[in-house]
Amino acid sequence: SAVISQKPSRDICQRGTSLTIQCQVDSQVTMMFWYRQQPGQSLTLIATANQGSEATYESGFVIDKFPISRPNLTFSTLTVSNMSPEDSSIYLCSARLAGTGELFFGEGSRLTVL
Amino acid sequence: SQQGEEDPQALSIQEGENATMNCSYKTSINNLQWYRQNSGRGLVHLILIRSNEREKHSGRLRVTLDTSKKSSSLLITASRAADTASYFCATESLGGFKTIFGAGTRLFVKA
């Protein structure tokens, strides 16, 4: 299994500002992903964080709004840029261990944008 | 985008009863996974079933997979109040590497 640490766990942000979420995994992982979960909804995949190269974004998500870094195998960041109240969500980091199909999740970062 | 649908959207049962949740998906898959999420927290992986498997057990959990119908079910036997949570199915598409989640079922187990 893997332990995924995410921070901040929650934050209240002002409209127009940006916030960076950090994700650290304690094991060697093959892939890392970022999901968004809006209130009362399921998880929506934002992007796949690629080590040392640009992330692969899903339809409806763009790099300018959600820049992602993954400088090494076990660490990634997601920035939510120029936030608006519609960005209020839980943002979840996940990782897949080598040799398995299971995804492990961090506890999520709950953002509230005023 | 979401891969599929789950039903029911919400389920309320008495402690000790069995709970069954269903999941349908749209594309061919490598595997299907079930997760639990307690209110507002991270997801806990419950069970993974591969496309060449038909049934899998883990404790009080039983998962079935019917690839011809593109559907799966999760059965929780002898439910407990602590099972109250949202349950999500998620699929890894054939030839793909990303996992897409269904809409989820909210289970409420009354003590």
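Residues numbered from 1 in each chain as written. Chains lettered and ligands numbered in written order. Predicted model: local features only at pLDDT ≥ 70, side-chain atom pairs only at ≥ 80, totals over all residues. Heavy atoms only, no water.

Considering the layout of surface pockets
Take a probe with the size of a water molecule and roll it over the atoms, and the empty space left behind shows itself.
Here's step 1: Its boundaries defined by the atoms lining it, the largest pocket holds a volume of some 480 Å³.
Here's step 2: Around the largest pocket, the lining comprises 25 residues; the ones closest to its centre are Gln37(A), Gly40(A), Gln41(A), Ser86(B) and Arg106(B).
Here's step 3: Only strand E9 (89-97) and strand E11 (109-113) of chain A together with strand E9 (85-93) and strand E11 (105-110) of chain B provide two or more residues apiece to the lining of the largest pocket.
Here's step 4: Grouping the constituent residues of the lining of the largest pocket by class yields six nonpolar, 17 polar and two charged. (1 Å grid on protein atoms, 1.4 Å probe; cavity = no way out; pocket = protein on both sides within 12 Å on 5 of 7 lines; lining within 4 Å. Points joined across faces, edges and corners; volume = space filled by probe spheres on them. Helix = DSSP H or I, 4+ residues; strand = E, 2+ residues; numbered from the N terminus. Nonpolar A, V, L, I, M, F, W, Y, C, P; charged D, E, K, R; others polar.)

Some thoughts on the state of the cysteines
Here's step 1: Evaluated as defined, the whole model comprises two disulfides over all chains.
Here's step 2: Disulfide partner of Cys23(A): Cys93(A), at an S-S distance of 1.9 Å. Negative torsions about the S-S bond denote left-handed disulfides, and the value of about -65° found for Cys23(A) with Cys93(A) makes this one left-handed. A residue pair is termed long-range when its members are at least 10 positions apart, and Cys23(A) in strand E3 (residues 19-25) and Cys93(A) in strand E9 qualify at 70 residues. Neither residue differs from the other here; Cys23(A) and Cys93(A) are each classed as buried.
Here's step 3: Here Cys23(B) pairs with Cys89(B) through a disulfide, and the sulfurs are 1.9 Å apart. Taking the sign of the S-S torsion, 65° for the link of Cys23(B) and Cys89(B), the bridge is right-handed. Placement of the pair is Cys23(B) in strand E3 (residues 19-24) and Cys89(B) in strand E9, with a sequence separation of 66 residues. For the pair Cys23(B) and Cys89(B), one class covers both residues: buried. (Disulfide = S-S within 2.5 Å. Buried < 20%, exposed > 50% of the residue type's maximum accessible area, 1.4 Å probe, protein only.)

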